[in-house]
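These are the residues of each chain, in order.
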Amino acid sequence: MRGGPPLYGVLLAAGALLASAACSSPYASDSSSKAPGGRTVRPVEGCGASSWTDPANLAPDRTPARCQPGAPPPRPLREPRELTIATGTLSAEYVAPLQVALDKGEFQKEGLDVTLKVLPTPDALPLLAKGEIDALWAAPEAAVMNGLRGGFDIKWVAGNFSPAPKSKSGLWVRLKDGESANRVAMAGRRLGTMIGKGSVIAYPMERALERHGGGLADIQYQQLGSADVLTALQNGGVDSAWLLDPVWRKVDGERGYAFLGGQPRGEPLGGMLYGRTLLTDDVDAGVALVRAYIRTLNTYFASDYKRDASFVTYLAGLLKAEEPILSSTPSLVMDWEIRSGTTTRLQSAYQAQGVAEGGPLPESQTVSRSFYEEAVGHRP
């Protein structure tokens, strides 16, 4: 396990105090209520009113939910549990909380032996549905929705991030002669993405395309590996691409490129997805996994985590990223909560792309907030 940045010594000390308090008295009081499924939800040490926000609040400047550093305190499972989380990449910044949780032993504190396995979402979905992997760090993409319609028991249980105000993560285009960032003809452009059609970027991309004479049905999609999207944009293999933090910094300010728009602020579009194993068969482990994730955000990613240069160095090592590029982009707004209506808006975009099979699914079939609510002690 690697050493943490100096700034976090105080945070870890606070976490140790919370964990110590948890061993003797895990809850602030004996008051409790029943969550869906009959599970008891009690107040959690270090997580108060600020640990939950109204899902209907879609304000771009919404303050994300937060507990104290080191909270919620661990509640180790009676028997250790091995879990596998699939993710499309280990190098993107949005995967950093999982990498840090693993490196700092946050999963271990819950009695979880976690393995991160690189798998594309289409390959991971049937494995998740069959219980051959336990969780998926991805997004409620069209493939997920179509899988649900086909009988897969999968739900989105925790968010990941939204962009910082100054972020330019999103849709980038190579300008043709006579074009500018305010005047780009997008119809017919070839777009490079990690997912291709049916990605959650369809939702914010639809809004950007409408301003530039195009629509989701007018774009040609080319699916590429995470390391190939930027290269294809630069060498002309595609003439537009969805670039994540910190990749967009490689073209920002360069002549011939323009940023057209990105993910809505304050609204995570991905995060943790569970299959039947953690949704119903072993809910204790499902809550423990989310609790470790939330504690990692509160301890290491609560605010502008890139202000600490030593932490950026640490992250760059974990992600195998270039430190100057990583430090040149604003911190992501890490956020474990899921906004109301997000999967409805996503499905509308999938319909526009022609990749949705059947009618839209209600949120009750696509989202479960009960895991993070229990983890922070919020009683519905």
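Residues numbered from 1 in each chain as written. Predicted model: local features only at pLDDT ≥ 70, side-chain atom pairs only at ≥ 80, totals over all residues. Heavy atoms only, no water.

## Digging into helix α11 (residues 342-353)
Okay, so step 1: The terminal C-alpha atoms of α11 lie 17 Å apart, and with twelve residues this matches the ideal 16 Å at 1.5 Å per residue to within 8%.
Okay, so step 2: Among all positions of α11, only Thr342, Thr343, Leu346, Gln347, Ala349, Tyr350 and Gln353 are buried. The buried side chains of α11 occupy one side of the element, clustering within an arc of 160 degrees when seen end-on.
Okay, so step 3: Taken together, the buried residues of α11 touch α4 (142-149), β6 (155-159), α5 (202-210) and β10 (220-223).
Okay, so step 4: Of the residues trailing α11, Gly354 is marked for its positive phi of about 80 degrees. (Helix = DSSP H or I, 4+ residues; strand = E, 2+ residues; numbered from the N terminus. Expected span 1.5 Å × (residues − 1). Buried < 20%, exposed > 50% of the residue type's maximum accessible area, 1.4 Å probe, protein only. Arc of directions from axis to C-beta. Contact = heavy atoms within 4.5 Å.)

## Remarks on the sheet that holds β6
Okay, so step 1: Ordered in space as β4-β3-β5-β13-β6, the five strands form an open sheet in which the pairing is mixed. If you trace the sheet from one side to the other, it starts and ends with β4 (112-118) and β6, each paired once. This sheet shows a mean twist of 30 degrees between the axes of neighbouring strands, independent of strand direction.
Okay, so step 2: Bridging between strand β3 (residues 81-87) and strand β5 (residues 135-138) involves three bridges; their strand directions are parallel. Opposite Ile85, over in β5, you have Ala135 as the bridge partner. (Pairing = 2+ DSSP bridges. Axes fitted to C-alpha atoms, helices over the stretch in contact; angles between N-to-C directions.)

## Examining the packing of α5 against α11
Okay, so step 1: Where α5 meets α11, the closest approach of the two axes is 8 Å, and the angle between their N-to-C directions is 65 degrees. Of the two elements, α5 crosses α11, and the hand of that crossing is left-handed. Judged by residue contacts, Ala202, Tyr203, Met205 and Glu206 of α5 engage Arg345, Leu346, Ala349, Tyr350, Ala352 and Gln353 from α11. (Left-handed = near helix turned anticlockwise from the far one by under 90°.)

## Digging into the environment of Ala124
Okay, so step 1: The topology assignment puts Ala124 in helix α3 (residues 121-130).
Okay, so step 2: Considered as a pair, Ala124 and His212 are 88 residues apart in the sequence and their alpha carbons are 35 Å apart.
Okay, so step 3: Every residue in contact with Ala124, bar those within four places of it in the chain, is listed here: Ala86, Leu119, Ile133 and Leu136.

## Some words on the packing of aromatic side chains
Okay, so step 1: Summed over all chains, the structure comprises nine aromatic pairs.
Okay, so step 2: With centroids separated by 5.2 Å and ring planes inclined at 75 degrees, the aromatic side chains of Trp137 and Tyr293 adopt a geometry described as edge-to-face. Within this pair, whereas Trp137 is found in strand β5, its partner Tyr293 is found in helix α8 (residues 283-300), the two being separated by 156 residues in sequence.
Okay, so step 3: Given a relative accessible area of 2%, Trp137 falls into the buried group.
Okay, so step 4: A ring pair is formed by Phe301 and Tyr305, whose centres lie 4.9 Å apart and whose planes are at 75 degrees; its orientation type is edge-to-face.
Okay, so step 5: Taking the relative accessible area as the measure of exposure, Tyr305 reaches 2% and is therefore buried.
Okay, so step 6: Feature note: the residues Tyr300, Phe301, Tyr305, Phe311 and Tyr314 constitute an aromatic cluster, connected by ring pairs.
Okay, so step 7: Across from the ring centre of Tyr314, 4.5 Å away, lies the NZ or CZ of Lys104, which sits over that ring. (Phe/Tyr/Trp six-rings, centres within 6.5 Å; stacked < 30°, edge-to-face > 60°. Lys NZ or Arg CZ within 6 Å of the ring centre and 35° of its normal.)

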